[in-house]
Each structure stands twice: as C-alpha cells, then as structure tokens.
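# Observations on the three-dimensional arrangement
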Amino acid sequence: MSLIGTFAGMLALGFSVNLLILFGLVLAIGIVVDNAIIVMENVDRLIREQNMKARHAAIETMKQVAGTVVSLTLVLVAVFAPVAFLGGMTGELYRQFAVPIAVSVVVSGVVALTLTPAMCALLLDQQPRKVRKPFALFNATFDKLTDALAWGANRLLRHAVIGVLLFALLVGGTGWLVTRLPAGLVPQEDQGVAMVVYQLPPAAALPRTEAVRDTLSEGLMGLPTTENFTAIAGFDIFAGSMRTNAGIGFLDLSDWRQRGGPGQDALSVAGQIMGLGLGIPEANVFAFSPPPIQGLSLTGGVEGYLEMRGSAGPEQIEALAGKLMAAANQRPELVNARSTLDTGIPRYRAVLDREKARDMGVPVNQVFETMQSTFGSLYVNDFTLLGRNWQVTLQSEAAFRSKPEDLDKVFVRSTGGHMLPLSTLVTLERTAGPDILNRYNVNSAARFLADPAPGYTTGQAKAAMEAVAERVLTDGDSAIGWIGEAFQLDAAAGAGGLAFGMGLVMVLLILAAQYERWTLPLPLVFASGAGAASRQVIGTVVVGGRYGPGQHSGLAVRTVVLPIDGRRFFFLPQSQNAQAANRGGT
C-alpha cells in the first residue's frame, strides 16, 4: 500500500520513474515497513503477555505507540525535506532519493495508524498458538541476541565514562575517515561501450584518416570482447568540429555475462585499445568510457580551460598548455591529459595591398565583402514564406573556393566601373595557426581534458590538476577554470553537509515541540548524527558511491526514535502515577 501511494504521490509531484527513483524506492522498502512492524509487534506482545484479544490489543497499541509512529514519520520527513531544496546537479541527484522516501514515509505512517491496527484485530486472533520448530529456533536465537544487547547496554549504563569514551572514539574515527575519503560526483560505470578517438597530424587528408579508421576497425574487431564497432572519419569530438585529420568510433562490448574474467571490463578494454593504437604510427589513438551521466562531461574525466589574461597569442597559450599537460601526465592520478589547441594547422593568410586598391579606385570594404560572400558566407536578409521566416545567405559552391587560384575567378568593381580580379589586390601567404580559438570569461583560452587513472576518482583527478596548475602557472596572468563534472564538484561542495545540518535541526525542533522539552531529543540527534557519519563512511568505501549524509541520517533516525519514544510512552506514565500516589498519600 505504501509503495502504491508513493507512485501516486510522485505522479502528483511531477516525477518520472527512472533508475535513481527506483533506487530510492529500494531504500524506501526497508523504511516503510518500520511503522507497521512497530504496531504489529506491540499487538502481538500484548496478546502474549497480557492474554488480550486482538481487538483490545490493537486499541491499546494505538494508545501506546501512536506517538512513536507519528515521531518516526515526522523526523524522517524532516530529514529528507531539506534535501529536496538543494540546487544544482547534486541537488537533483539527492532529490531523486529524498522525495520518494519522504512520500513513502508519510503514506506508511497513515497506513500504520489506520489499516495496520484493523488488520491486526482481524487476523491475529486466527493465528495458531503453537510455533513451528524453525520459527521457535529463530525466536530463541533472537531472544539471546536481545539479551546480549540488553546486557551490553546495562554495562555501559553502569560505566557511563566508558560509554562516552566509546561514543567519542566512534565520532572521532568517523571524522578522521571522512577527511581521507576520495571525493567524486558519480562513480564510473561499465556501460558496455567504449569511445575511441584517433587523430592524425594537422591537416591530414581525409583518405589518410579513413585508412587509419579501417586499420583500427580491423584490429578492434579481433578483440574477444568486441560486439560491434562504428567509426566516423572527419570529426574531432574533443574540439567539437569537422577536421579531416580526426575521427571518432564507438565500440559496443559483448554482454556483461560474457565478460566476467579479469581485464574484460570497459576500463581495461580501453587500455587494450590504446595499446593497439601504438601499432598505428601515423595516428594517436585514445580510448575511454563514456561518462555515467551523458552531457555532464565528454570523457568521464575532468574538463576545463586554461585562461590567459592580457595580450598572449595562440602560440604562447599553446606552449603553456603543453607544459601544463606534460606536468599533469606525470601525476599518478591523471592519464590522457591533453589540450585541444593546435597552432600547427596549415592555412592561408590574405594580405590586401591597400595602396594599390586606393590607386585603382577599389573601396577596401568592398574587397572584404566580396571575399566574405565567396570564400565565406554573407548574410543578405530575411523573408517570409508559408508562414515561416527564412534567412538568405550568400556563399559560393565549394568547388569554386577550394584553391588559391580561385582568386582569379572572383572580380571586384572599381569606382570607374572596371571589373578587377581579386588576385591583383590580394596575395595569399601560406602560414600555420589554430583553426579554433576558445574563450573563457571573455579571455583567450585553451581547452584541456584529463581522465582519472584506474583506482582514482574525478575528485582526486581534479585536485591533482589544481596542484599541477599551482606549480606551473606562476605568472599571475593565467589560471584554470572548470566545466562539466569538475565544475559540479565545486558547486556541490558543502551541499551534503548543509542538508545534513538542516535535517538535524529540523529533527531537534520537531521532537522538542512534540515532547515539550529540549533534553529528550538530544540523545536522538547525537546518535543519529554519529550513525549517519558511520554509514557515510561504509557507503563510500564499500559501495563506492554516496547517497548523501541526509539520506544516511534518515536511516539512522528510525533506529533511535523507538527507544526514546518507548521511554516516553511506557516509563514516564508509571513515574507520573507514582508521583500522584505519593501526593495523594501525603
């Protein structure tokens, strides 16, 4: 019932069913049963210990544990609600867990207060009293475990100093481990695909790139883990532009069940592909796994720009970027550090003889417009046709603007009405330079990429790149700026701790209002904080991913509310009755 109500709540809140939502529902399954278990266990206890009928036991249970159910529901919602208001990519990831769990907890609380007592009253009287042997063995083991825990708690209560020291040791050890855990946004996964990039020398002809593509395809299809390989020549995915000397390929790996052996995961296969590329001397071959979240980064690593303030030219930026990448590749945390800026691409530089153009009566702007409209493109105007706006752009066919000799076929009109070929005014000089100039914060920049080495996270790779930049970039006019996953790591810094602190404050305020005192909720807040920190360490080290401290504190709260609420509903009334009897006797 609770999960069905959760889907209805998600529909009302505009959420769709995705893998993160389903993972949150898996966590919710273990939480939503708590409220019903509390009610059913107490009904069963009253039937066994006080020989009540199921109906009367259900009524008495509502008097005893209704407050406990309400407390569990309120504190869990209080923990998960602040997480839903976090911004950025991290907030969106946390929200996929927080909202389904919060909705499921509210629905389970309503079910525990309404449907569960009715079901207990109808069904528990019909249960056989004789317990079968397997269940009797389980009950005996469970009772021994309960007695052992009670004995340990009793010993700690008698030696409070030892208990406090153990608690402090737990908190201190957890804090020490948290500071040494590697940071990362999303762990890398084997998605069954590897991306392959091959690059030839600048301005290499497309047939040469196609020949490398065919050679590489032949070698990759011979790998035992290869299912299919699709390659495209003429596109540079790093620069995001058409280049005749680059190509991209997508290697589909065989099914995961067929790749259970060592060295058959996607990351290991990427290393094998780069080893295979060493046998192709005319090209550089890179291979990497796609990022876990498409669009967050290009290679699943860190990306950024080397920003140069001032009047530095492309050659200076390239030299500094090469120095930075060489130093980055020396770090054990980084592999495949590279820059997309290349100033060695052959090109022509058009030089206009302005004096000659003035003597021949040709306006300079007319020369530039003629060259733009033939060798480039020139915007003319817009027009409306069939209810749509269309743009008119003037441009020559590729066959008439591909060779330097095409200048002889393009004419410009002088003020005297004579048609003069452009070759009489413009001279082409063969030079080299970049075909793409990037900018970052309005300044000239070079884009760079780097992948974390096996066994390292993107957070460690980012920290290593920052350490290298601090050592290499010493002139004061250069700096690195992050994009993609590395930028999200900076944006998410402190977000989990903020949600964790807000959740604990909300828990303290809600329980203080419910219990009408400040001291009773304090053990819950301290214990849930320590439990959340411990689970955070375990989740990061063992599982390899973080759910967020807010989710962990929510899981810790449910185990601490019950004994504190039990003290309130079972022990406090007895002490109050004793005090009333003493007052009546006096």
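Keep in mind the model is a prediction, meaning the values are calculated, not measured.

## Let's talk about the overall build of the protein
Counting secondary structure elements, the protein contains 16 helices and 15 strands. When contacts within the protein are restricted to residue pairs at least 6 apart in sequence, long-range pairs at least 24 apart make up 72% of them. Only carbon and sulfur atoms are counted for the fraction: they give 61% of the accessible area of the protein, which is about 32,000 Å².

## A closer look at the pairing of strand 1 (residues 193-199)
Across the seven residues that make up strand 1, a large majority, five, are buried. One ladder, built from seven bridges, connects strand 1 with strand 3 (residues 241-253); its direction is antiparallel. Considered in strand 3, the bridge of Y198 is made with G247. Here strand 1 runs beside strand 4 (residues 284-288); their pairing, made up of five bridges, is antiparallel. When the sheet's bridge partners are listed, Q199 is paired in strand 4 with N284.

## Describing the pattern of salt bridges
With the rule as written, the count across this model stands at 13 salt bridges. The salt bridge partner of E429 is R349, with a shortest N-O separation of 3.9 Å. One end of the pair, E429, is in strand 12 (residues 426-433); the other, R349, is in strand 7 (residues 345-352), with 80 residues separating them in the sequence. A salt bridge links K409 to D406, with the shortest nitrogen-to-oxygen separation between them at 3.7 Å.

## Thoughts on the sheet that holds strand 2 (residues 226-236)
Read from one edge to the other, the open sheet built from four strands follows the order 2-3-1-4, with strand pairing classed as antiparallel. Whereas interior strands pair on both sides, the edge strands pair on one side only; in this sheet they are strand 2 and strand 4. When strand polarity is set aside, the average angle formed by the axes of neighbouring strands in this sheet is 20°. Across the sheet, helix 7 (residues 206-220) is in contact with strand 1, strand 2, strand 3 and strand 4; its angle to strand 2 comes to roughly 165°. Helix 8 (residues 266-277) contacts strand 1, strand 3 and strand 4 of the sheet and is inclined by roughly 175° relative to strand 4.

## Quick notes on the nonpolar core
Judged by nonpolar contacts, the single largest core of 27 residues is most densely connected at L324, M465 and I480. Mapped by element, the contributors of at least two residues to this core are strand 5 (302-308), helix 9 (314-328), strand 6 (334-339), strand 14 (443-452), helix 12 (458-472) and strand 15 (478-483). Here the element with the most residues in this core is helix 9; it accounts for seven residues. If we ignore the near neighbours within four places in the chain, the residues touching I480 are Y305, L306, L324, F448, M465, E466, A469 and L473. Listed in part, the 21 residues of the second largest apolar core include V196, A233, A266 and A283.

## Description of the environment of G91
Locating G91 in the fold gives a position in helix 4 (residues 88-123). Placed 408 residues apart in sequence, G91 and A499 show a C-alpha to C-alpha distance of 9.7 Å. With residues near it in sequence (within four places) discarded, G91 still touches V83 and L86.

## Side note on the packing of helix 12 against helix 13 (residues 484-491)
Running from N to C, helix 12 and helix 13 point in directions that differ by 90°, and their axes come no closer than 10 Å. Judged by the inter-axis angle, helix 12 sits roughly perpendicular to helix 13. Of the residues in helix 13, those in contact with T458, G459 and K462 of helix 12 are E485, A486, L489 and D490.

## A few points about the pairing of strand 14
In terms of burial, strand 14 is a largely internal element, eight of the 10 residues being buried. Of the pairings in the sheet, the one linking strand 5 to strand 14 comprises seven bridges and is antiparallel in character. The partner of M308 across the bridge, within strand 14, is S444. Pairing of strand 13 (residues 438-440) with strand 14 involves three bridges; the strand directions are antiparallel. Each bridged residue has a counterpart across the sheet, and for N438 the counterpart in strand 14 is A445. Between strand 13 and strand 14, which pair antiparallel in sequence order, lie two residues; one of them, N441, sits at a positive phi of approximately 55°.

## Some points on the confidence of the model for the protein
Overall, the prediction assigns the protein a mean pLDDT of 80, with 87% of residues at 70 or greater. Contacts of residues 534-547 to residues separated by more than four positions or lying in other chains number 28 contacts, the stretch itself having pLDDT below 50. Throughout residues 571-586 the model reports pLDDT below 50, and contacts reaching past four residues in sequence, or to other chains, amount to three contacts.

Rules behind the numbers
Residues numbered from 1 in each chain as written. Predicted model: local features only at pLDDT ≥ 70, side-chain atom pairs only at ≥ 80, totals over all residues. Heavy atoms only, no water. Helix = DSSP H or I, 4+ residues; strand = E, 2+ residues; numbered from the N terminus. Contact = heavy atoms within 4.5 Å. Areas by Shrake-Rupley, 256 points an atom, 1.4 Å probe, with all protein chains shown as cover. Buried < 20%, exposed > 50% of the residue type's maximum accessible area, 1.4 Å probe, protein only. Pairing = 2+ DSSP bridges. Salt bridge = Lys/Arg side-chain N within 4 Å of Asp/Glu carboxyl O. Axes fitted to C-alpha atoms, helices over the stretch in contact; angles between N-to-C directions. Core = buried A, V, L, I, M, F, W, Y, C linked by side-chain atoms within 4.5 Å. Parallel < 35°, antiparallel > 145°, perpendicular 65-115°, else oblique. pLDDT = per-residue confidence, 0-100.

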